[in-house]
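Analysis of the macromolecular model
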Amino acid sequence: MGSATGTRNLNEGEPVELHVCLQDKRSLQERKHDIFHSKYLFPVAFKVSGDATQVYVVGSMNKWGEAIPLERCEDSDGIYFQTTLYLPPGEYEYRYIVDGVEKISEHMKTASRFGQGVCNLYKVHPTALPEDEDDNHDAILHVRWLKNNQYNSFDLINDENTLEYVPSYADIGHCLRCEVLAYLNGQFASIVFDISAPIEPGLPKIEHLDLGGSCIEGDPLNLIYEYCGGTEGNSEIKWFRVLPTGEDIPIELEHPDGGYTPSSTDIGCRVKVEVVPIRDDWVAGKPLTKLSKTITAGVPTCKKLDVVGVFIQNEPLTVEADYAGGLEGTSRFQWYREAPDSSELHPVFVAIDGETSPTYVPTLADVRRRLSVDYTPVSDSGYVGETNRFITEEIRPAPPQLRRLGIVGKPEEAHVLSVEATYFGGYEGNHLVQWLRREDKDGIPARVKVGKLNSMTYTPNKRDIGHIIEIAFTPVRDDGKKGEPKMADTGAVIAPGIPSVISIQIHGDAMEGKMINVRAEYFGGTEGTSTIEWFRTTDMPNQVIPIESDPHDPKHHTCCAEDCYNRIKVVYTPVRNDGLVGAPRFAFSDIIAPNAPKVTHVHVEEKQLREGERVTGNFLYSGGHEGIHRHKWIRVYPTNKEEVITTYVGEVAEFVPTMDDVGCRLVYGIKPVRADGVEGDWVYSPPSSTAVIASRRRVAPASIRLPDTGIVGEVLTPQITGITYDESRSGFEWARLVGDRDVVVGWEQSYTPKEEDVGHYLRLTFHPIGYDGKVGQKMEQVVTTPIQASATTTLHKSPSGSPASLRISEGSNDAASNGQGGSPSKVDNRPRATNCYLEGEARQNFTLTARVHYVAGSGQPEGKSAWRWYILEENGMETLVPDCWSNKFNLTSVHVGRRIKFQYTPVSVDGVTGDSICVISHPVAAAAPEIHNLHLIGEAVEHHILRAECTFYGGQEGHSQFRWYRVEPMTGQRMEVESRRNMLDYKLTADDVGFIIEFEYFPITVDGLQGEPARYKTPQIQCGPPTIKEISLAADPFCMKEVRVTTSKYTGGAEGPHIFLWEKAVNPSGPWAIVESNSPTYMPTADDVTYLLRAKITPVRADGVKGNQVASPANLIEIEPTIVRQIIDLLLPGQTAFNVKDSAGTPWEIALNNEMFKIKRRRNPQDKYAEKVAEVFWSQEVLFALHMNNDAQFTIHYPHGGARQAQDFVVEKRVDRDMVALVFRVFHALAIPEIAREIVHPDFATQWQMGDLKRQYQQNRKDTQVKQKALMAMDGGFGSDPRVSYAPSNTLPSQMPVGSLEARQALIALKRGYHKHYRKHLQHLHHQSSPVSYQQQQPVAVSPSDGASNSSPTAMHNYNNIPQHRMQA
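Numbers given for residues are sequential positions, taken from 1 along each chain in its written order. For a predicted model such as this one, the threshold for reporting local features is a pLDDT of at least 70, and the threshold for listing and counting side-chain atom pairs is 80 or more; totals across whole chains, interfaces and linings nevertheless cover every residue. Hydrogens and water are ignored here; the side-chain numbers use all heavy atoms of the structure.

1. A few points about the overall build of the chain
By definition, any uninterrupted DSSP run of H or I lasting at least four residues is a helix, any uninterrupted run of E lasting at least two residues is a strand, and each is numbered from the N terminus. Looking only at helices and strands, the chain has 10 helices and 91 strands in total. Only protein chains enter the accessibility calculation, which uses a 1.4 Å probe; a residue whose area is less than 20% of its type maximum is buried, one above 50% is exposed, and one in between is partly exposed. Counting all 1369 residues of the chain, 46% fall into the buried class. Just so you have it, the chain exposes about 67,400 Å², and 49% of that area is on carbon and sulfur atoms. Method for areas: the Shrake-Rupley scheme with a 1.4 Å probe, in which residue coverage is limited to the protein chains shown.

Here you go:
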């Protein structure tokens, strides 16, 4: 088998081809039988027919080199020369050399490409073989490549079995060897190979360049290339945007080898990358470029979403979104607020209505909540991408501030002034509000605190008049953060209020003869000379009678008889000192009760007593309204025998002596009767001073006579003889006789005929009445001839009788002649009354009018005739109505069911009295009850009381019915408030707000008669101001123990969320500092001990209206007894330690003793020993500060290394932090001499500071009495010289640093807790051993108790267990 041809020097990256020309030198028979098979080398038979000595073939198959001999063969066809060559596919030039002569066939004759002249051309075609064809033949040719190694041997290059091989970077410096192996019948037969020179680095070039990825905006294009040419240096990569116009726009990238992500700018363009290969020796190759397809728009996508801005209330936040997906259209934004029930594991967000823009300004509702924003990318073509969400950090409140502050309300006394403030900065807390009065003290401007601290309203009083009121307002956020204080004032001085009477009452016994007085509360500046008027009420509505009061003492009134059965009304008209008059106020007394009826000064009229002449009994009455008394006249004979002459009931105490009384003296007796029927005792007068003498008149037999003739216009006067009668009471009646009827024409004693009387007879009827009131027989006389006419006539019409009355003539005289032909009787010249009747209906509330005709007896006109009215009882008793002397009588409820009697006694002008005439009414009927002047007193405001007032008419009131209704303003629907049925007053509640209140009055008399109901409606009921009257703390406040505020009942409409505020102060006068807001509970911290604590509530109605703020009493914040015990237990050994952590969770230790404190750090919790970081001696520069925003964090400030250091620590809970703070501060206070000696006994302070107590405690810890001795020492130190007051001091030491001040307060609180709660448990020690005295200079040995500390020098306390100790205690 022939050898392969060699190759030239080779370079990396340049293909190396194996030129092979293999001659099969086997015999022809073998060649034909076993043909070698190969994918790359194919057999070619060269044959020359004919006989010759030597035949060769030469050509390009071996590069026109050595001639290849052909084998001489012979067969039946003759002699020929033939050989088989295995050649790769391709065109080969050749020609034969036969016995030294070149032979060229005319077939495929051509010129040589290699300059060898004319030759023939043969083309070798590859034969397609299956992949596993080589394995199926017994004769195969196998090609393989190898490269040398460091051991001068060759290593196979895997999978390189072709005639061509491209050297790689790994082949540089190595020689290549290519072998062709021949196998016959599966056995190696022969090999040909060639070895190259070492591979040299090739020129830098890019073998393959491509862009991976899709040509879509947003999808990255990855650069893919294969470098060849030695070690690659910093090949240069450039990216270009190829515009549709073909222009290349360079794209600047920070890392161009990392690929490129098309953006929206690339849409519609193509991206081109250019790579310039550069070897590490800076040799550069040719650049190669790759052009992508046209970039298309991607799906709208948000690559990055962020919210920029300050996460503080009212600071704008802006969404920054990295959009991809073509041109952005109207992308969608939606802001969300974290819900109250959200958590870290399960966050819940609620959409904020209307917030769909990329910018959002956090509001108050967002404070202390997180926000989230949803961004949905949308392309300009409307394609919508996936929604992305960004969650912000918690929104912090803005600093508290007041944007507007003012005082609203009229600057006038008693007018409420309110703070009008616009707050901003998180949730509103309990602001610090102080009202001030601006005034001058000794010519120096000053401000005086007024009103309630932190109240939003203030009502100016009398002291504020003439001064300006100011408000000092410090805004406070709900977390206690304070803003800049501001002030405002009223702008004008407080004016005095309108003079008015706030309340008025009448005090004293409402009884005849007793004194009553008026008490009124004045309002409206300085009171001047206010006026007081007294009045007496009457039965008539709205009618009062003025009462003259004492000008020197107008506030008092002594009740008299006229006041009985009436109420006394007092009217108080307020007058300010500048003369301004206010609205009067009045009050009524109870009904004035009378005294028992009685009479005094009873006596008989002092005059000569004469037969037939009236005698009067005189007396003075007292005891209420005078009724109709019982009278008695007694005859006293000369022998002093007494005989009752008459007893009667009547108004007039008169008696007319008769002939039987001549020579006797008279005694007058009276039994006083009050108007209500109550009777007094009989009282008698002394006998008259003179006896009755005989009358000088002689009375002829009774007769009456008229003139025989009567002429119109001439007076007819009767002549009456033979009878003694009372002219003022007797009656006369003139009648015209017309056929069978009489027409009354006059009622006086004399009568002047009129024209109507012409042709008619006139008759006079005389009704004699004696002076004793007895009625005599009537007498009648008729003019004997008819009346004759005259020149003038006068018509008289008789009035008709009233249906309400019955006319009665009292008495008649039968002795007078009235028959035909009889002689006329003697004419009586006394006045008389005729035709008496009553007009008007006999019904309650009506008026009866009496009509009577006066008839002159002797031509004398009427004088002072007597008009009297009587009330007739069913038993016949008559009661004179006092003070009623006219013809009018008003019927009231008192008269219902009774008859009214009217009696008229005519009296002429010359004093002549005629006979009385009377008329009796029908029983007075009750009127239908009526309600007049119904109204409600009180404001139509919630919580006020409405009271109904009216006047009842219609008899005596019985069980009238009252109803209260709520009326719906729009529909008018009524709903009865049954709980107030039959009540005259009604207290408005929150249920009445918005309704109209209607009061309905059903008048009912005692006999069950019901009248028409009266109604009265209020305006629409308004909400009262939100009010909570008082609040208090549910328990005494203790440090580390939650305290709750309790409130009284709320009023003022629907209850809303009230505003809570907790404040502390050094003393009650303030200033007060806010420590908590918007919570009904508060847990005092270590910073609060020895301060006063109070709670404030601003009641809030559901509609947001705020009421007046109310504050609880201030209570002193103390240390709970169990905590006092724990602190003392830690204090006695003189040293202790606490395990804490820093914010990163690293464990630390704080060790305390009487000299210093140490701060140590452990690298991890398992470390037994801690690394000391700081060792600080106690000084006033040390400060233990609690964090306001983290309940479990605190900071220790201390001087260290010439600078001031601060170290933050955290514990598990708030109570842990406060316990550490109290113990730290107590150690601090005892270590500072100035503080310790102020609070505890100086000797005890010295021993503690010097460490004597600590050493003795440690040395004697096994002594069973050591703790008792130590506690006794403590008791002596704390109790023997209690110079520090337990009450909060008015001021704190102003020059003391904050840390020392807080330590001082902690020690004071411990001492107070010790005395108040702990010392009583140690009293038995004082009985077992003598108390320790610190008056000696020698130190006292104090032994520690067993188990006070462990075996280490410093007692370690894992503070996480301290709350459990407290609970066990």
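2. Here we look at the packing of aromatic side chains
Classification of ring pairs uses Phe, Tyr and Trp, with its six-membered ring standing for Trp, and accepts pairs whose centres are within 6.5 Å; under 30 degrees between planes counts as stacked, over 60 as edge-to-face, and the remaining range as tilted. Inspection of the entire model under this criterion finds 35 aromatic pairs. Considering the side-chain rings of F586 and F588, the 5.5 Å spacing of their centres and the 80° angle between planes classify their relative orientation as edge-to-face. With relative accessibility at 47%, the residue F586 sits in the partly exposed group. Note on F588: relative accessible area 41%, which makes it partly exposed. With a centroid separation of 5.6 Å and an interplanar angle of 70°, the aromatic rings of W1148 and F1209 are classed as edge-to-face.

3. A closer look at the confidence of the model for the chain
Confidence scores here are pLDDT values: one per residue, from the predictor, ranging 0 to 100. On average, residues of the chain score 83 in pLDDT, and 87% of them reach the 70 mark or higher. Any two residues whose heavy atoms approach within 4.5 Å at even a single point are treated as in contact. Low pLDDT, under 50, characterises residues 1280-1292; the predicted model gives this stretch 33 contacts beyond four residues in sequence or across chains. The low-confidence segment residues 1323-1369 (pLDDT under 50) makes 114 contacts with residues lying over four places distant or belonging to another chain.

4. Comments concerning helix 3 (residues 1214-1231)
Counted at 1.5 Å a residue, the expected span for helix 3 with its 18 residues is 26 Å, and the 26 Å between its end C-alpha atoms agrees. Counting buried residues in helix 3 gives 18 out of 18 residues, a clear majority hidden from the surface. Given a helix with a known number of residues, its expected span is that number minus one, times 1.5 Å.

5. Brief notes about the packing of helix 2 (residues 1121-1131) against helix 3
Between N-to-C directions, angles span 0 to 180 degrees; the directions come from axes that are lines fitted to C-alpha atoms, helices contributing only their stretch in contact. In contact at an axis separation of 11 Å, helix 2 and helix 3 are set at 50° when each is read in the N-to-C sense. Considering the angle they form, helix 2 stands oblique to helix 3. For the pair helix 2 and helix 3, the sense of crossing is right-handed. Residues I1123, Q1126, I1127, L1130 and L1131 of helix 2 form the contact with helix 3, whose own contacting residues are M1219, L1222, V1223, V1226, F1227 and L1230. Think of it as three bins: nonpolar holds Ala, Val, Leu, Ile, Met, Phe, Trp, Tyr, Cys and Pro, charged holds Asp, Glu, Lys and Arg, and polar takes everything else, Gly as well. Looking at side-chain class alone, the contact of helix 2 with helix 3 contains 10 nonpolar, 1 polar and no charged residues. Angle categories: roughly parallel below 35 degrees, roughly antiparallel above 145, roughly perpendicular from 65 to 115, and oblique for all the rest. Handedness of a crossing follows from how the near helix is turned relative to the far one, being left-handed for an anticlockwise turn of less than a right angle and right-handed for a clockwise one.

6. Re the environment of L146
Note on placement: L146 falls in strand 12 (residues 139-148). A residue is classified by how much of its surface remains accessible, and L146, at 7% relative accessible area, is buried. With 29 residues separating them along the chain, L146 and C175 place their C-alpha atoms 8.3 Å apart. Each residue touching L146, except ones within four places of it in the same chain, is listed here: F154, D155, L156, I157, C175, L176, R177 and E179.

7. A short note on the nonpolar core
In terms of nonpolar packing, the biggest core is built from 61 residues, with L1152, F1157, W1178, F1194, I1196 and L1222 touching the most fellow members. With 12 residues, helix 3 is the single largest residue contributor to this core. The residues touching I1196, leaving out its near neighbours within four places in the chain, are I1150, F1157, L1183, F1184, Q1205, A1206, Q1207, F1209 and F1224. Only buried Ala, Val, Leu, Ile, Met, Phe, Trp, Tyr and Cys residues count toward a nonpolar core, and they belong to the same one when joined by side-chain atoms within 4.5 Å.

8. Some points on the sheet that holds strand 15 (residues 175-184)
Pairing between two strands requires that DSSP report at least two bridges joining them. Taken in spatial order, the 4 strands make up an open sheet running 13-12-15-16, and their pairing is antiparallel. Both outer strands of the open sheet, strand 13 (154-156) and strand 16 (187-198), are each paired with one neighbouring strand and no more. Between one strand axis and the next, the sheet turns through 30° on average, direction left out of account. As paired elements, strand 15 and strand 16 share 9 bridges and run antiparallel to each other. Within strand 16, the residue paired with L184 across the bridge is Q187.

9. Examining a nonpolar patch on the surface
Here the term patch refers to residues with relative accessible area over 30% and no salt bridge, with like charges joined within 9 Å and nonpolar side chains (Val, Leu, Ile, Met, Phe, Trp, Tyr) within 5 Å. Note on definitions: salt bridges are taken to be side-chain nitrogens of Lys or Arg within 4 Å of carboxyl oxygens of Asp or Glu. A contiguous nonpolar surface patch, about 340 Å² in accessible area, is contributed by F188, I191, F193 and I195. Checked against the element boundaries, I191 lands in strand 16. For I191, a relative accessible area of 33% corresponds to the partly exposed category.

10. Details of the sheet that holds strand 28 (residues 370-376)
In a beta sheet, neighbouring strands pair by backbone hydrogen bonds and run either parallel or antiparallel. The strand order across the open sheet formed by 4 strands is 26-25-28-29, and the pairing between neighbours is antiparallel. At either end of the open sheet lies a strand with only one pairing partner, and these are strand 26 (349-351) and strand 29 (388-394). Sheet twist, expressed as the average angle between the axes of neighbouring strands with direction ignored, equals 30°.

11. Some details on the pattern of salt bridges
Counted by the stated rule, this structure contains 69 salt bridges. For the salt bridge of K290 with D210, the shortest nitrogen-to-oxygen distance reads 4.0 Å. You can see K290 sitting in strand 22 (residues 288-294) and its partner D210 sitting in strand 17 (residues 205-212), a full 80 residues away along the chain. Accessibility expressed as a relative area gives 27% for D210, which makes it partly exposed. Linking D479 and R368 is a salt bridge whose minimum nitrogen-to-oxygen distance equals 3.2 Å. One end of the pair, D479, is in the loop between strand 35 (468-474) and strand 36 (486-489); the other, R368, is in the loop between strand 27 (359-360) and strand 28, and 111 residues separate them in sequence. A residue is classified by how much of its surface remains accessible, and D479, at 31% relative accessible area, is partly exposed. The exposure class assigned to R368 is partly exposed, which follows from its relative accessible area of 31%. Look at the salt bridges and you will find they share partners, linking R368, R477, D478 and D479 into a network.

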